[in-house]
Amino acid sequence: MVLMLILRNLAIILVAAKLCGLLARKLKAPQVVGEIIAGLIIGPSLLNLVVKDDFISGMAEIGVILLMFSAGLGTDLKELVKTGPVALLIALSGVAVPLVGGMLVYMGFGFGTPDTRLYEGIFMGTVLAATSVSITVQALKEMGHLKGKVGTTILSAAILDDIIGIILLTVVIGFKSPDVSPVDVCIKTILFFVLAIVLGFALYFLFKWISKHWPHSRRIPIFGLVLCFAAAYCSEEFFGIADITGAYVAGIILCSIRDSEYIAEKMDINSYMIFGPIFFASIGLKTSFDHLNGEFVLFSIGFVVVALLCKIIGCGLMARICKFKGPDALKIGVGMMTRGEVALIVAQKGLSVGMIGSEYFTAVILLIIVSSISTPILLKILYTKHAEID
């Protein structure tokens, strides 16, 4: 009986997610937006066809781990090093300003209790820290500006932005419990990344050797998946670090081997067909409108406005300081303001450990939709008015 319910729920989720995703793409919106909306439609908020249970939660968690593994695999370390110093400064500013802005908005509305308000506010700021560059990349590619100085800087800064955001998420979640020692959290975090670097080099050469002797063989993506799951498990079980951090590091380790694209291709099949749609639909499934009153509507609007402006100000101002001309600095700020998968992942992690309630997902989803639609439009306007300045 339980198996039949699982099969029924999977069938409903997958068909709804794909149909809504295709519709979103037709409307020039990201497919992920359609998949989230699918979850809202079939979930308790509207039709109540599917209720999120432990099985769906487990599948969604695997989905988010695979997404972060794929994000790591897609990292271009050479490009990261090339534009490193400037991109790092832009990324740091692009994290710090939204972090403070998100925290002030949350605390300004007086949500939470006096004891938890600061941590929860910092977490809401952490949600705003990440950048989803996929929409920006697609827009720049269509306009023929992806390989320019601005496009390269945006791409590199966004990658560093996400790395910083994940580290920040790890630290913030580690401080959740009042019994946890801040010193212990910092020591465990540092120890994890030191071991990740040391073991990462060893594993990189091992996979490089495997890729050389058995190129494009099925064992390579299988071993890569094993590394992903093992890193996710060890990071949370032994270091108290979020499992998605371990998965992301596993992807970084493998991103420079010859068969990294082959591994990513195989991962994308699983993610595209089942785990990705379930994860994004699950966001909609657990989004609650029960607490959606006038105050939460006002908070959601303020949250979105602050999120967009803080990225433009933080990244754009730092780009200007780094000698970019005014119009190009503005392009970088606008290009960095999209939020997507990583913001969802951070919000999802916060919900799973009790940092925030499900009602705050409304603001996150609204942010993703607004930023995903507005960014390409604004970039096109900026590039039409101002050609890139070398």
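Since this is a predicted model, take the numbers as computed values, not measurements.

1. Notes on the overall build of the protein
A count of helical and extended segments in the protein gives 16 helices and zero strands. For 390 residues, the compact-globule estimate of 2.2 N^0.38 gives 21 Å, and the protein sits close to it at 20 Å. Looking at the protein as a whole, 54% of its 390 residues qualify as buried. Looking at the protein as shown, the accessible area adds up to about 17,800 Å², and 70% of this sits on carbon and sulfur atoms. The averaged location of the 27 negative side-chain charges in the protein is 10 Å from the averaged location of its 30 positive side-chain charges.

2. Section: the side chain of Ser 374
Here Ser 374 lies in helix α16 (residues 361-385). Here Ser 374 falls in the buried class, since its relative accessible area comes to 18%. A distance of 2.8 Å separates a polar side-chain atom of Ser 374 from the backbone oxygen of Val 370.

3. Here we look at helix α11 (residues 243-254)
For α11, spanning twelve residues, the distance from its first C-alpha to its last is 17 Å, which sits close to the expected 16 Å at 1.5 Å a residue. Burial analysis of α11 places eleven of its twelve residues in the buried class, which makes it a mostly covered element. Along α11, the positions that sit buried rather than exposed are Asp 243, Ile 244, Thr 245, Gly 246, Ala 247, Tyr 248, Val 249, Ala 250, Gly 251, Ile 253 and Leu 254.

4. A word on unusual backbone geometry
Across the chain, the bulk of peptide bonds are trans and the bulk of non-glycine residues have phi less than zero. The phi angle at His 216 is positive, at roughly 55 degrees, despite the residue not being glycine. By the secondary structure assignment, His 216 is in the loop between α9 (182-213) and α10 (219-239). The exposure class assigned to His 216 is exposed, which follows from its relative accessible area of 52%. With a phi angle near 80 degrees, Lys 323 is a residue other than glycine that sits in the positive phi range. By secondary structure assignment, the location of Lys 323 is in the loop between α13 (294-321) and α14 (326-335).

5. Quick look at the pattern of salt bridges
In this structure the tally under the stated criterion is three salt bridges. Residue Asp 161 is joined to Lys 311 by a salt bridge in which the shortest nitrogen-to-oxygen separation is 2.7 Å. Here Asp 161 is found in helix α8 (residues 149-174), whereas its partner Lys 311 is found in helix α13, with 150 residues between them in sequence. Judged on exposure class, the residue Asp 161 and its partner Lys 311 are both buried.

The rules we used
Residues numbered from 1 in each chain as written. Predicted model: local features only at pLDDT ≥ 70, side-chain atom pairs only at ≥ 80, totals over all residues. Heavy atoms only, no water. Helix = DSSP H or I, 4+ residues; strand = E, 2+ residues; numbered from the N terminus. Rg over C-alpha atoms; globule rule 2.2 N^0.38 Å. Buried < 20%, exposed > 50% of the residue type's maximum accessible area, 1.4 Å probe, protein only. Areas by Shrake-Rupley, 256 points an atom, 1.4 Å probe, with all protein chains shown as cover. Lys, Arg positive; Asp, Glu negative; His and termini not counted. Charge placed at Lys NZ, Arg CZ, Asp CG, Glu CD. Polar contact = N/O pair within 3.5 Å; in protein donor to acceptor, adjacent residues only side chain to side chain. Expected span 1.5 Å × (residues − 1). Salt bridge = Lys/Arg side-chain N within 4 Å of Asp/Glu carboxyl O.

Coordinates in, geometry out; function isn't part of it.
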